[in-house]
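The residues making up each chain are set out below.
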Amino acid sequence: MKKTLKDIYRTWKILSPFHGYLLLLAVLQLLIQAMAIGFGIINSHTLTSLSDKNFRAMPFILGIMVILYVIEYIFDYIRDWVTTNKTDRQIQQLLQEYSLKKILNLTISQHIEDHSAIKQVIISNGEMAIENIITNILFTILPAMGMFIFSVGTLFYYDIRLGLIGFIVSLIIFIWVYRFAGYRQPFIEKNQAMWRENQKIRTEVFSHLPLVKYQAQEELFTKKYISNRLEKVKYSIMVSNMGTRHRAKKDAFTTISQITSVFYTIFLYISGAISLGTIYLVWNINSRLYWQLSSMSTVFRQLPTLFVDLNNYFNAVDREPIFNEKGNKKIISGDIIFTNVSFSYPKSESPVYTGVSFKIPYGKRTAFVGSSGGGKSTIIKLLMRAYDYTSGSITLGGGDLRTLDTYTLRHKIGYVEQHVDLLDESIKENILFGV
């Protein structure tokens, strides 16, 4: 619960440019629920007046009804306009910009060591989770809470016993659904982790299809993908069945509660305690209330999955650079000197270099020749500050490489890899990409 609230607060902070519009939508949703109860009350008075043949009150009642319809139309229009023009696409753009800046802030080594395709899936799922959480809160949970407050209040006004029934039933459903969502979340986390690991294999294939075909390894990757598949499917079905059983029990309880309420209102009408219009109002309120609670229950079953995606998203974007890339922007040309440099790759048990020293003279052509895996490319990666060396020093024109601003440094380096990544742009734009 504490983690969920923390994630909600974090999301709220990210969406600070939209606070005003989101609050406006929240208020409109509550007002629209109040209007729904208002319509029920007016319709009940209309029915009572007609059954009592009290036609004098009809013009007044119909006038109020017209006013309510106009107000409801205005509220609906404002809500839809704000949603379309001020929140939907704009929030999506803000989240994508926020994610991109966070990811670009990491060092090159962190991107090399990560699985890029899986990282992209995690971030995309997280962004969609935020949008879905906002939608569910604004358009399902908040209206359900508003309907609960207005409905129970109205029922208490007409009959305390009806109010108590509505309040107790709604509270039981809410607590039941809330506790089940918390209980089910760890199972969903495990299920998603299992399928994400499987997805990693598939994305590897799609990322390296020519290589897989060249090396005739189609069968290997297929076997890796389907290994333990039945176990994963079985676990996923078990998690889904948990939700199915919970929904069946909750729906049975709701149905019994509705039937009880119907019988009780009929009894009150027969005994002369309430009018025919009040029966209509109670049935209308109960129908709306239980429908909203049912919708909220469906959302609460989905929320654990969304919050797992949200948590994975924050874990991805909250990572800090493993070393500071900011520094001195004044870079002086000169000799490049390695002094007692030691370095190991993060996932390697043995070092690439131990106490290596050499000089690359300024203005001279220098070549590194050696067998594959000897560390030639690693020298370039250290000069480009893709990785940070373990010990020793590398200087450029007398300035320590670690004190230089990496953005400025890389702008002064022409760099061509042996495997060239081509952007989906024109040849010209690919050639000029680093300029």
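Predicted model only: the values in this text are computed from it and were never measured. (Residues numbered from 1 in each chain as written. Predicted model: local features only at pLDDT ≥ 70, side-chain atom pairs only at ≥ 80, totals over all residues. Heavy atoms only, no water.)

Colleague: Can you walk me through the overall build of the protein in this structure?
Modeller: From N to C terminus, the protein includes 13 helices and four strands. Relative to the compact-globule value of 22 Å for 435 residues, the protein shows a C-alpha radius of gyration of 32 Å, a clear excess of over 25%. Expressed as lengths along the three principal axes of its C-alpha atoms, the size of the protein is roughly 105 × 50 × 40 Å. Among the 435 residues that make up the protein, the fraction classed as buried is 37%. Taking the contacts inside the protein whose residues are at least 6 apart along the sequence as the reference set, 76% of them involve residues at least 24 apart. As displayed, the protein has an accessible area near 26100 Å², and 61% of this comes from carbon and sulfur atoms. Across the protein, the 47 positively charged side chains and the 33 negatively charged ones have centroids separated by 3 Å. (Helix = DSSP H or I, 4+ residues; strand = E, 2+ residues; numbered from the N terminus. Rg over C-alpha atoms; globule rule 2.2 N^0.38 Å. Buried < 20%, exposed > 50% of the residue type's maximum accessible area, 1.4 Å probe, protein only. Contact = heavy atoms within 4.5 Å. Areas by Shrake-Rupley, 256 points an atom, 1.4 Å probe, with all protein chains shown as cover. Lys, Arg positive; Asp, Glu negative; His and termini not counted. Charge placed at Lys NZ, Arg CZ, Asp CG, Glu CD.)

Colleague: Is there a simple way to think about helix α9 (residues 229-270) in this case?
Modeller: Since the α-helix packs 3.6 residues into each turn, any two residues three or four apart lie on the same face. With 42 residues, α9 extends 61 Å between its outermost C-alpha atoms, agreeing within 8% with the 62 Å of an ideal straight helix rising 1.5 Å per residue. One or two steps after α9, the chain reaches G272, where phi turns positive at roughly 80°. (Expected span 1.5 Å × (residues − 1).)

Colleague: Looking at this structure, how should I read the environment of Y353?
Modeller: For Y353, the position within the fold is in strand β2 (residues 353-360). Sequence-wise, Y353 and G146 are 207 residues apart; in three dimensions their C-alpha atoms are separated by 66 Å. Look past the residues within four positions of Y353 in its chain and what remains in contact with it is V341, S342, F343, G374, G375, K376, T378, I379 and L382.

Colleague: Quick question: what am I supposed to make of the packing of helix α6 (residues 160-207) against helix α8 (residues 218-226) here?
Modeller: Their axes nearest at 9 Å, the elements α6 and α8 cross at an angle of 160°. What the angle tells us is that α6 and α8 run roughly antiparallel. The two elements α6 and α8 cross, and the hand of that crossing is left-handed. Mapping the contact onto sequence places N198, I201, R202, E204 and V205 in α6 and F221, K224 and Y225 in α8. For the contact of α6 with α8, a count of residues per class yields four nonpolar, one polar and three charged. (Axes fitted to C-alpha atoms, helices over the stretch in contact; angles between N-to-C directions. Parallel < 35°, antiparallel > 145°, perpendicular 65-115°, else oblique. Left-handed = near helix turned anticlockwise from the far one by under 90°. Nonpolar A, V, L, I, M, F, W, Y, C, P; charged D, E, K, R; others polar.)

Colleague: Would you take a moment to explain the packing of aromatic side chains for this structure?
Modeller: To describe a pair of aromatic rings, you give the distance between the ring centres and the angle between the ring planes. Scanning the model with the defined rule gives 14 aromatic pairs in all. Relative to F253, the ring of W176 has its centre 6.2 Å away and its plane inclined at 75°; by these criteria the two rings are edge-to-face. Of this pair, W176 sits in helix α6 while F253 is found in helix α9, placing the two residues 77 residues apart along the sequence. With relative accessibility at 28%, the residue W176 sits in the partly exposed group. Since its relative accessible area comes to 24%, F253 is described here as partly exposed. Taken together, the ring pairs connect F174, Y178 and F300 into an aromatic cluster. (Phe/Tyr/Trp six-rings, centres within 6.5 Å; stacked < 30°, edge-to-face > 60°.)

Colleague: Would you explain unusual backbone geometry in this entry?
Modeller: In terms of backbone geometry, most residues other than glycine have negative phi values and most peptide bonds are trans. Despite not being glycine, N340 has its phi angle at roughly 50°, a positive value. Within the secondary structure, N340 is located in strand β1 (residues 336-343). A relative accessible area of 45% places N340 in the partly exposed class. The phi dihedral of R385 is positive, around 60°, even though this residue is not glycine. Here R385 lies in the loop between α11 (376-383) and β3 (391-396).

Colleague: What exactly am I supposed to notice about the confidence of the model for the protein here?
Modeller: In low-pLDDT segments, the atomic positions of the prediction should not be examined closely. Overall, the prediction assigns the protein a mean pLDDT of 85, with 99% of residues at 70 or greater. The element-level mean pLDDT for the protein is lowest in helix α7 (residues 209-214), coming to 73, with β1 highest at 92. (pLDDT = per-residue confidence, 0-100.)

Colleague: Sorry, what's going on with the environment of E218 here?
Modeller: Of note, E218 is situated in helix α8. Among the residues examined, E218 registers a relative accessible area of 33% and is labelled partly exposed. In this structure, the C-alpha to C-alpha distance between E218 and V205, residues 13 residues apart in sequence, is 8.7 Å. Those residues within four positions of E218 in sequence are excluded, and the remaining contacts are V212 and K213.

Colleague: It is not clear to me how the sheet that holds β1 should be interpreted in this structure. Could you clarify?
Modeller: Sheet strands associate in pairs through backbone hydrogen bonding, adopting either a parallel or an antiparallel arrangement. Read from one edge of the open sheet, four strands run β2-β1-β3-β4, paired in antiparallel fashion. Single-partner strands in this sheet number two, and they are β2 and β4 (399-400). When β1 meets β3, the two strands line up antiparallel, connected through five bridges. The residue of β3 that forms the bridge with S342 is S391. Those strands touched by α11 are β1, β2 and β3, and its axis lies near 110° from that of β1. (Pairing = 2+ DSSP bridges.)

Colleague: Any chance you could explain the pattern of salt bridges here in plain terms?
Modeller: Two side chains bearing opposite charge may form a pair once their charged atoms approach each other closely. Taken as a whole, this structure holds ten salt bridges when the rule is applied. Where R10 meets D318, a salt bridge forms, and the shortest distance between an N and an O atom there is 2.6 Å. Of this pair, R10 sits in helix α1 (residues 2-14) while D318 sits in the loop between α10 (276-317) and β1, placing them 308 residues apart in sequence. What makes D318 partly exposed here is its relative accessible area of 32%. Where E325 meets R410, a salt bridge forms, and the shortest distance between an N and an O atom there is 3.1 Å. With E325 in the loop between α10 and β1 and R410 in helix α12 (residues 406-411), this residue pair connects regions lying 85 residues apart in the sequence. (Salt bridge = Lys/Arg side-chain N within 4 Å of Asp/Glu carboxyl O.)

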